Amino acid sequence: MNPPEEYYIEGTPYVPGSALPVLVWRGALAHCETEDDMKDVLEANGGWVKGIAAGSSELSIGRGPLDNASLGKLITVSRGDCMAIPAGISHCSSTATIDYRYVVLFPKGEPKWISIWCDDATTTEAYKKECLRVPMPVMDPLGGPEGFLVTKWKAIASST
């Protein structure tokens, strides 16, 4: 399997950001015939991931609705791609095909997500502190306990 693409997203006045990169494994789940197959593959390695089950989408990553349009990144994902998005990184579909579907898995016992619009620096700073308390994954969604996500994210976390 090829290593994932890495996207480093800085914080903005309205998005906490993260020192950890967004990871995208292109086509890594293309062999999955159904959403259930995809869930089985991802659950076997602990979750914390988004798998693109059908169609395609242009995702806006790291930019809130009050941010300047030049901030963040646009990433196109399509069927079979797999993503890991660290806490503090906003993301939403900017455009999508009519058949776009994805599965999202989180580690057992972890909060699924918090959906907040940060509309001032105080809210953003409070949310950033909360994001730093989210536990580090113990499993890579595709490579298990010694996979790319685990080794990369732990190395970055230990150096910050």
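Further up the page is the structure itself.
Now for a look at the structure at hand. (Residues numbered from 1 in each chain as written. Predicted model: local features only at pLDDT ≥ 70, side-chain atom pairs only at ≥ 80, totals over all residues. Heavy atoms only, no water.)

**Remarks on the overall build of the chain**
Rules: Each helix is a run of DSSP H or I of at least 4 residues and each strand a run of E of at least 2, with the numbering of both proceeding from the N terminus. Radius of gyration: C-alpha atoms only; globule rule: 2.2 Å multiplied by the number of residues to the exponent 0.38. To be clear on the numbers: accessible area is Shrake-Rupley with a 1.4 Å probe, and residue cover counts the displayed protein chains and nothing else. For the purpose of counting charges, residues Lys and Arg are taken to be positive, whereas Asp and Glu are taken to be negative. His and the chain ends are not included. All charge positions are set by atom: Lys at NZ, Arg at CZ, Asp at CG, Glu at CD.
Secondary structure summary: the chain contains three helices and eight strands in total. Each helix (α) and strand (β) of the chain, taken in turn from the N terminus, gives the series β-β-α-β-β-β-β-β-β-α-α. Rg of the C-alpha trace for the chain: 15 Å, near the compact-globule value of 15 Å for 160 residues, within the 12% margin. With respect to the principal axes defined by its C-alpha atoms, the chain has extents near 45 × 40 × 25 Å. Carbon together with sulfur atoms contributes 53% to the accessible area of the chain, which is approximately 8,800 Å² in total. Of note, the chain has its 14 positive side-chain charges centred 3 Å away from the centre of its 20 negative side-chain charges.

**Overview of the pattern of salt bridges**
Heads up, the rule is: A side-chain nitrogen of Lys or Arg and a carboxyl oxygen of Asp or Glu constitute a salt bridge if their distance falls within 4 Å.
Evaluated as defined, the whole model comprises four salt bridges. A single network of salt bridges, built from pairs that share partners, joins Glu5, Arg26 and Asp81.

**Quick look at the sheet that holds strand S6 (residues 82–84)**
Our working definition: By definition, two strands form a pair when at least two bridges between them are found by DSSP. For every element, the axis is a line fit to its C-alpha atoms; helices are fit only across the contacting stretch, and the angle between N-to-C directions ranges from 0 to 180 degrees. Between two residues, a contact is recorded if the distance between any of their heavy atoms is within 4.5 Å.
Across the sheet, which stays open at both edges, the five strands sit in the order S1-S2-S6-S3-S8 with antiparallel pairing between neighbours. Each end of this open sheet is capped by a strand with a single partner; those strands are strand S1 (5–7) and strand S8 (101–105). Taken pair by pair, the neighbouring strands of this sheet meet at an average axis angle of 20°, ignoring direction. Where strand S2 (residues 22–25) lies against S6, three bridges are found, and the strand directions are antiparallel. Across the sheet, Val24 pairs through a bridge with Met83, a residue of S6. Its contacts with the sheet put helix H1 (residues 35–43) on strand S3 (49–54), S6 and S8, and the angle it makes with S8 is roughly 30°. Sheet strands in contact with helix H3 (residues 148–159) are S1, S2 and S6, and its direction is about 160° off that of S2.

**Here's the deal with the nonpolar core**
This is how it is decided: We call a set of buried residues a nonpolar core when its members are Ala, Val, Leu, Ile, Met, Phe, Trp, Tyr or Cys and they connect through side-chain atoms within 4.5 Å of each other. In this scheme, a residue with accessible area under 20% of its type's maximum is buried, one over 50% is exposed, and one in between is partly exposed, where area comes from a 1.4 Å probe on protein chains only.
The biggest cluster of nonpolar side chains holds 19 residues, and the ones touching the most others in it are Trp25, Leu29, Met38, Leu42, Cys82, Leu142 and Leu149. Contributions of two or more residues to this core are made by S2, H1, S3, S6, S8 and H3. Examining the composition of this core, we find that four residues originate from one element, H3, more than from any other. Counting 13 residues, the second largest nonpolar core, distinct from the first, contains Ile9, Ile75, Ile85 and Ile89.

**Overview of helix H2 (residues 121–132)**
For clarity, the cut-off: One fewer than the residue count of a helix, multiplied by 1.5 Å, yields its expected span. The arc in question is traced by the directions running from the helix axis to the C-beta atoms. Under the rule applied, a polar contact is a pair of N or O atoms within 3.5 Å (in protein, one hydrogen donor and one hydrogen acceptor; residues adjacent in sequence only if both atoms are side-chain atoms).
Between its first and last C-alpha, H2 extends 17 Å over 12 residues, near the 16 Å set by a 1.5 Å rise per residue. Among all positions in H2, only Thr124, Tyr127 and Cys131 are buried. Relative to the axis of H2, the buried residues are bounded by an arc of 70° and lie together on one face. Exposed side of H2, more than 90 degrees from the buried face: Ala121, Thr122 and Leu132 are the residues found there. Of the residues flanking the start of H2, the one acting as N-cap is Asp120, its side-chain oxygen 3.0 Å from the backbone nitrogen of Thr122.

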